[in-house]
Amino acid sequence: MTTLNIDHVSRWFGNVVAVNDITMTIGPGVTGLLGPNGAGKSTLINMMGGFLAPSTGSVTLDGQPVWRNESIYRHIGIVPEREAMYDFLTGREFVLANAELHGLGARAADEALATVEMAHAQDRKIATYSKGMRQRVKMASALVHQPSLLLLDEPFNGMDPRQRMQLMDLLRRMGDEGRTVLFSSHILEEVEQLAWHIEVIVAGRHAASGDFRKIRRLMTDRPHRYLVRSSDDRALAAALIADPSTSGIEVDLAEGALRIQAVDFGRFTALLPKVARDHGIRLLTVSPSDESLESVFSYLVAA
């Protein structure tokens with residue numbers, strides 16, 4: 001059973017702190033590394049894979065240091081986000097090259113290509129592949145030696161819905177087999193469909209950890225901000241402000257709307273249409289004003 005330990009790891013580039021004092025343990029099963037773009041996910045995965053040294057802290061695989069330890073690559077498969085590939089090779093030649101680095105032959109390469117359903121295009125040049133096909137060939141190359149730990153950086157980028165479902169099914173099977181699988185994503189729904197456990201990072205910091213139900217509950221329970229336009233904004237504001245589901249209402253004259261902060265999401269969403277109906281007020285616009293991933297994740301950092 002492979003376990004990856006990240007212990008008080010930081011990484012900075014000059015004056016820029018990319019990863020800030022992160023501690024987590026990644027065990028068997030499928031773990032999602034969730035965070036907005038620029039959160040530090042790729043930097044963290046590069047340290048997990050031994051491609052980048054931590055500025056402070058340590059990364060170990062089953063107790064063995066990852067940095068400058070060539071032996072760990074017998075156990076790790078890595079699918080980077082970067083597109084750098086040898087476009088002049090065929091898909092099979094690319095996977096076979098990695099198989100040979102592990103002392104394996106053509107059979108291992110062919111099995112890996114079949115696993116990711118790329119056998120039909122294995123003799124085409126990589127230059128002719130779509131982004132989704134490139135992702136699958138990178139996956140085959142990472143799987144060729146049957147690693148116990150698989151690290152994937154945004155693996156679903158560029159895949160169509162069918163390719164995405166195929167890869168999700170493959171990763172689930174690997175998790176069920178007891179392998180340790182970690183993949184990064186900035187899309188919550190993508191992680192929910194696949195991960196048993198979620199680690200959230202924002203601006204290089206560890207923001208939350210747990211199963212997706214816990215993370216979703218934290219996100220749902222956070223204060224929500226809405227932009228509301230109605231036929232009588234002042235009367236609506238007066239009726240809503242007395243209810244404990246709201247913590248603040250501002251009349252925005254420039255927008256001709258109300259800006260409402262709701263602290264009880266469920267109660268507020270039931271209350272708003274009821275209050276409007278009881279007071280004969282027509283709701284013209286009701287839209288969340290803080291639903292960006294950055295705002296959601298930033299709330300988790302402070303939670």
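Position labels on residues start from 1 in each chain and follow its written sequence. At least 70 in pLDDT is required for a residue's local features to be given in this predicted model, at least 80 for side-chain atom pairs to be given and counted, and no such filter applies to totals for whole chains, interfaces and linings, which use all residues. Only hydrogens and water are set aside when side-chain values are computed; all heavy atoms of the structure are taken into account.

Visitor: Before we move on, could you go through the overall build of the protein chain and cite the residues and values that matter?
Guide: A count of helical and extended segments in the protein chain gives ten helices and 14 strands. Oriented by its inertia axes, the alpha-carbon framework of the protein chain measures out at about 75 × 45 × 35 Å. Expressed as a percentage of the 303 residues in the protein chain, the buried residues total 48%. Whether two residues are in contact is decided by their heavy atoms: any pair within 4.5 Å suffices. For the protein chain, contacts bridging at least 24 residues in sequence account for 67% of all contacts bridging at least 6. Only carbon and sulfur atoms are counted for the fraction: they give 52% of the accessible area of the protein chain, which is about 14,400 Å². When charges are counted, Lys and Arg contribute as positive and Asp and Glu as negative, whereas His and the chain ends are disregarded. Note that the charge is assigned to NZ on lysines, CZ on arginines, CG on aspartates and CD on glutamates. Charge centroids of the protein chain, computed over 32 positive and 36 negative side chains, lie 1 Å from each other. Runs of E in the DSSP output that reach at least two residues are strands. Runs of H or I that reach at least four are helices, and both are numbered from the N terminus. Buried means the residue's accessible area, taken with a 1.4 Å probe over protein chains only, is under 20% of the maximum for its type, while exposed means over 50%, and partly exposed covers the values in between. Here the open area of atoms and residues is found with the Shrake-Rupley method and a 1.4 Å probe, where only the protein chains shown may cover a residue.

Visitor: So what's going on with the pairing of strand 12 (residues 246–252)? Residues and values would help.
Guide: Strand pairing is assigned whenever DSSP detects at least two bridges linking the two strands. The sheet contact formed by strand 12 and strand 13 (residues 257–262) spans six bridges and is antiparallel. Along strand 13, the bridge assignment pairs Glu-250 with Arg-259. Where strand 12 folds back on strand 13, the antiparallel hairpin that results is connected by four residues, among which Gly-256 adopts a positive phi of roughly 65°.

Visitor: Lay out the sheet that holds strand 5 (residues 64–65) in plain terms, naming residues and giving numbers.
Guide: A sheet is described by the order of its strands in space; here four strands give the open sequence 2-1-4-5, paired in antiparallel fashion. The outermost strands of the open sheet, each flanked by one partner alone, are strand 2 (16–26) and strand 5. Bridge count between strand 4 (residues 56–61) and strand 5: two bridges; the pairing is antiparallel. Its bridge partner lying in strand 5, Thr-60 is registered against Pro-65. Only C-alpha atoms enter the line fits that serve as axes; for helices the fit covers just the stretch in contact. Angles between N-to-C directions range over 0 to 180 degrees. Running over the sheet, helix 1 (residues 41–48) touches strand 1 (4–13), strand 2 and strand 4 and is turned about 125° from strand 1.

Visitor: Give me the side chain of Thr-43: which residues, what numbers.
Guide: Summarising the element assignment, Thr-43 is placed in helix 1. Owing to a relative accessible area of 14%, Thr-43 belongs among the buried residues under this scheme. With near-sequence residues (within four places) excluded, Thr-43 lies in contact with Arg-11, Phe-13, Ala-18, Val-19 and Leu-52.

Visitor: How would you explain helix 5 (residues 161–176) if you had to name every residue and give the values?
Guide: Here the expected span of a helix is defined as 1.5 Å times the quantity of residues minus one. Here helix 5 contains 16 residues, and its C-alpha end-to-end distance of 22 Å stays within 8% of the 22 Å for a straight helix at 1.5 Å per residue. In this structure, the buried residues of helix 5 make contact with strand 3 (29–34), helix 3 (106–115), helix 4 (131–143), strand 7 (149–153), strand 8 (180–185) and helix 6 (188–194). Distance and chemistry together define a polar contact, namely a pair of N or O atoms within 3.5 Å, with one atom able to donate a hydrogen and the other to accept it when in protein, and with adjacent residues in sequence counting only for side-chain atoms on both sides. Two or three places before Arg-162, at the opening of helix 5, Asp-160 has a side-chain oxygen 3.1 Å from that residue's backbone nitrogen. Backbone geometry just after helix 5 places Gly-178 at a positive phi near 95°.

Visitor: Tell me what's going on with the nonpolar core, and back it up with residues and numbers.
Guide: Ranked by internal contacts, the top residues of the largest apolar core, which has 45 residues, are Val-95, Met-139, Leu-150 and Leu-171. Here the element with the most residues in this core is helix 4; it accounts for six residues. Setting aside its immediate chain neighbours within four residues, Met-139 contacts Val-79, Val-116, Leu-150, Leu-152, Leu-167, Leu-170, Leu-171 and Met-174. To qualify as a nonpolar core, a set must consist of buried Ala, Val, Leu, Ile, Met, Phe, Trp, Tyr and Cys residues joined through side-chain atoms within 4.5 Å. Core analysis: the next-biggest nonpolar cluster, separate from the first, contains 24 residues, Leu-4, Leu-33, Leu-149 and Ile-201 among them.

Visitor: Got a sec to walk through the environment of Ser-184? Specific residues and values, please.
Guide: Locating Ser-184 in the fold gives a position in strand 8. Ser-184 sits in the buried class, given a relative accessible area of 0%. Separated by 34 residues in sequence, Ser-184 and Leu-150 have C-alpha atoms that sit 11 Å apart. Setting aside residues up to four positions removed in sequence, Ser-184 forms contacts with Leu-33, Lys-41, Ile-45, Leu-152, Asp-153, Glu-154 and Pro-155.

Visitor: So what's going on with the sheet that holds strand 14 (residues 283–288)? Residues and values would help.
Guide: The four strands lie next to each other as 12-13-11-14, forming an open sheet whose pairing is antiparallel. Of all strands in the sheet, those with a lone pairing partner are strand 12 and strand 14, marking the two edges. Strand-to-strand twist of the sheet, defined as the mean angle between neighbouring strand axes without regard to direction, takes the value 20°. Summarising the sheet, strand 11 (residues 224–230) and strand 14 pair through five bridges and their orientation is antiparallel. Looking across to strand 14, one finds that Leu-227 is bridged to Ser-287. The sheet strands contacting helix 8 (residues 233–241) are strand 11, strand 12, strand 13 and strand 14, and the helix crosses strand 12 at an angle near 165°. Each of strand 11, strand 12, strand 13 and strand 14 is contacted by helix 9 (residues 265–278), which is oriented at about 10° to strand 11, the strand it contacts most.

Visitor: So, helix 4: which residues are in play, and what are the values?
Guide: Over its 13 residues, helix 4 runs 19 Å from end to end, which matches the ideal 18 Å to within 8%, given 1.5 Å per residue. The element helix 4 is largely enclosed, with a buried count of twelve among its 13 residues. Every buried residue belonging to helix 4 is among Gly-132, Met-133, Arg-134, Gln-135, Arg-136, Val-137, Lys-138, Met-139, Ala-140, Ser-141, Ala-142 and Leu-143, and all of these are buried. On its buried face, helix 4 is in contact with strand 6 (76–79), helix 2 (91–101), helix 3, strand 7 and helix 5.

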